[in-house]
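Summary of structural features
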Amino acid sequence: MKGQNFNKYFINKTLRLDYQFSGNINKQDVDLSALSQLPSWDGRRHNLNRLPLEGYGQVTIKDKATGDTIYRTSFSTLFDEWLVTEEAKKVSRSYENTFLVPYPKNTVMVTVAFRERNGHFKDMLTHEVDPNDILIQKKGLNHVTPYQYILKSGDPKDCIDVAFLAEGYTASQMGKFIEDCKIAVESFKNHEPFKKYINRFNFVAVESASLDSDVSLPRKNEWRSTAFNAHFDTFYSDRYMTTNAVFAIHNALAGIPYEHIIILANTNTYGGGGIYNEFTLTTAHHAKFRPVVVHEFGHSFGGLADEYDYGNDNDDTYPLNVEPWEKNITTKVDFNQKWGNLVKTGKAGFYEGAGYRHTGIWRGCEDCRMKTNECKAFCPVCQEALTEMIQFYTE
Ligand SMILES: [Zn+2]
């Protein structure tokens, strides 16, 4: 029965787990940074011990007394993207990561695992959480960031709760932020399968004000004081705008129902990024805002890969002897779990060039929202993957 296991193991609150991921190409570590409690649990109450996707990393919650797995989730992180850069050969760095899980009734064991380059998972850290520990900080009970719903389809416990955060908007620019959130929601309504399932989504706009307008642009030596320290030129790539202020992001959301995060940046410089189950961060005042916000959410919500390539084979993101965990690209190492059903019906095939490489990785269709901004829609492969994700959270 739906919710039965939830009530057996959890209460209607959230356990927020903050970690530092650190290391370099040779050695990585996961360290616990903080534990906190949020006033409600707004995620799924079914499929508790199932993963939405394999992901780059996994969080597993086990009941300590019985050893039963009672909750699992998966994620990606800027840290794993950084690990394939040249810098990771020379220096160790640390990255903030936060995960939300339902608040346990009894003592649990939490394990964080990373997917290694060979596709196998390795446990990085296992630690105990006593739900009655007095040092688990209660957050979100007061000083909640002002927010308003752009679209409220139902109770947060039944819907997928997407929070928009303002980045680089001053307090006096919040009217503009709300208008930008509305444009983003309209763009989702114009893309299947979000269009079909829009009544399973809540979109809330969170007015996280910045001291400065616009965001930092390092290549022009423009540094600004903003809510989440977002900046372009991540990994020296012009258009890659990211933030490492993940704890600040979650602090700004404490007390507001949220599961997925879209940070809108008040800038007209082109760029953004989306990281699976971490966040989408995108430019709100560029002509391509509408397609890009949906593309990045394809990453952060759907765990979809980029279907474009750079016309060469220099990129090392996906080892060619391992099947990527993303549903919309394949190295053909283990295609069984991918879009074979759509090949049979003629809706998809094999198009070489995806995952930043010109050869050795295939996508299912000629064009897609995950390939170009000009394409009008997600390809059938991505639509199916997104539909499965929506159903996983809501059925
Ligand atoms: Zn696609």
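These numbers were taken from a predicted model, which means no experiment stands behind them.

Describing the overall build of the chain
Helix and strand content of the chain: seven helices and 17 strands. Radius of gyration (C-alpha) of the chain: 20 Å, near the 21 Å computed for a compact globule of 395 residues. On the principal axes, the C-alpha backbone points of the chain span a range of 55 × 50 × 50 Å. Buried residues in the chain amount to 46% of all 395 residues.

A few points about helix 3 (residues 174–189)
Here helix 3 spans 23 Å end to end across 16 residues, near enough to the 22 Å set by a 1.5 Å rise per residue. All of the buried residues in helix 3 are Phe177, Asp180, Cys181, Ala184, Val185 and Phe188. Viewed along the axis of helix 3, the buried residues span an arc of 140 degrees, placing them on a single side of the element. More than 90 degrees from the buried face of helix 3, the exposed residues found are Gly175, Glu179, Glu186 and Lys189. Elements that come into contact with the buried residues of helix 3 comprise strand 9 (147–151), strand 10 (160–167), strand 11 (201–206), strand 12 (260–265) and helix 5 (289–300).

Things to note about the domain arrangement of the chain
Interfaces are often sized by the amount of accessible area the parts lose when they come together. Examined at the domain level, the chain breaks down into domain 1 (4–138) and domain 2 (147–303). Centre-to-centre separation of domain 1 and domain 2, based on C-alpha positions: 23 Å. With 22 residues of domain 1 at the interface, the matching set in domain 2 holds 19 residues. Only strand 1 (10–23), strand 4 (69–75), helix 2 (78–82) and strand 5 (93–104) provide two or more residues apiece to the side of domain 1 that touches domain 2. Ranked by residues supplied to the side of domain 1 that touches domain 2, first place goes to strand 5 with four residues. A class-by-class count of the residues in the side of domain 1 that touches domain 2 yields seven nonpolar, ten polar and five charged.

Re the environment of Asn49
Along the chain, the position of Asn49 falls in the loop between strand 2 (28–38) and strand 3 (57–63). On a C-alpha basis, the gap between Asn49 and Phe378 in space is 29 Å, while along the polypeptide they are 329 residues apart. Once residues within four sequence positions are removed from consideration, Asn49 is found in contact with Thr69, Ile70, Tyr71 and Arg72.

Let's talk about the sheet that holds strand 12
With respect to topology, six strands assemble into an open sheet ordered 9-11-10-12-14-13, the strand pairing being mixed. On the outer flanks of this sheet lie strand 9 and strand 13 (272–275), each paired with one strand and no other. In this sheet, neighbouring strand axes are inclined to one another by 20 degrees on average, regardless of whether the strands run parallel or antiparallel. Sheet analysis places strand 10 next to strand 11, joined by six bridges and oriented parallel. Counted as the bridge partner of Ile160 is Phe201 from strand 11. On top of the sheet, helix 4 (residues 246–253) reaches strand 10, strand 11, strand 12 and strand 14 (279–283); it is set at about 115 degrees to strand 10, its chief contact.

Structural notes on the nonpolar core
Soluble globular proteins tend to pack their nonpolar side chains together in the buried interior. Among the nonpolar cores identified, the biggest contains 100 residues, and Ala163, Phe164, Val206, Ile263 and Leu264 are the most heavily contacted of them. Both domains that meet at this core, namely domain 1 (4–138) and domain 2 (147–303), each give it at least three residues. Those residues in contact with Leu264 that sit more than four places away from it in its chain are Phe164, Ala166, Glu167, Phe177, Asp180, Cys181, Ala184, Thr282 and Ala284.

Observations regarding unusual backbone geometry
Backbone torsion omega between Glu192 and Pro193 reads 5 degrees, so that peptide bond is classified as cis. The residue Asn221 is not glycine, and still its phi comes out positive at about 55 degrees. For Lys332, which is not glycine, the phi dihedral falls at a positive 65 degrees. Examined against the element boundaries, Lys332 turns out to sit in the loop between strand 15 (329–330) and helix 6 (340–344). Overall, the presence of 12 C-beta atoms within 10 Å leaves Lys332 in the exposed class.

Points about the environment of Val204
Relative to the helices and strands, Val204 resides in strand 11. Judged by the 21 C-beta atoms lying within 10 Å of it, Val204 falls in the buried class. Sequence spacing of Val204 and Gln28 is 176 residues, and the spatial spacing of their C-alpha atoms is 36 Å. Beyond its immediate stretch of four places on either side in the chain, Val204 contacts Tyr147, Tyr149, Ile150, Asp161, Ala163, Phe164, Ile256 and Tyr258.

Structural notes on the pairing of strand 14
Put simply, side chains in a regular strand alternate between the two faces of the sheet. Burial within strand 14 is extensive, with five of its five residues counted as buried. In strand 14, alternate side chains face the same way, and those of Phe279, Leu281 and Thr283 on one face and Thr280 and Thr282 on the other are all buried. Pairing analysis gives four bridges linking strand 12 to strand 14, with the strands arranged parallel. Along strand 14, the bridge assignment pairs Ile262 with Thr280. Pairing between strand 13 and strand 14: four bridges, direction antiparallel. Within strand 14, the residue paired with Gly274 across the bridge is Thr280. Adjacent in sequence and paired antiparallel, strand 13 and strand 14 are bridged by three residues, among which Asn277 carries a positive phi angle near 60 degrees.

Definitions and cut-offs
- Residues numbered from 1 in each chain as written.
- Predicted model: local features only at pLDDT ≥ 70, side-chain atom pairs only at ≥ 80, totals over all residues.
- Helix = DSSP H or I, 4+ residues; strand = E, 2+ residues; numbered from the N terminus.
- Rg over C-alpha atoms; globule rule 2.2 N^0.38 Å.
- Buried ≥ 20, exposed ≤ 12 C-beta atoms within 10 Å, placed from the backbone.
- Expected span 1.5 Å × (residues − 1).
- Arc of directions from axis to C-beta.
- Contact = placed C-beta atoms within 7 Å.
- Domains from an automatic or database assignment.
- Nonpolar A, V, L, I, M, F, W, Y, C, P; charged D, E, K, R; others polar.
- Pairing = 2+ DSSP bridges.
- Axes fitted to C-alpha atoms, helices over the stretch in contact; angles between N-to-C directions.
- Core = buried A, V, L, I, M, F, W, Y, C linked by C-beta atoms within 7 Å.

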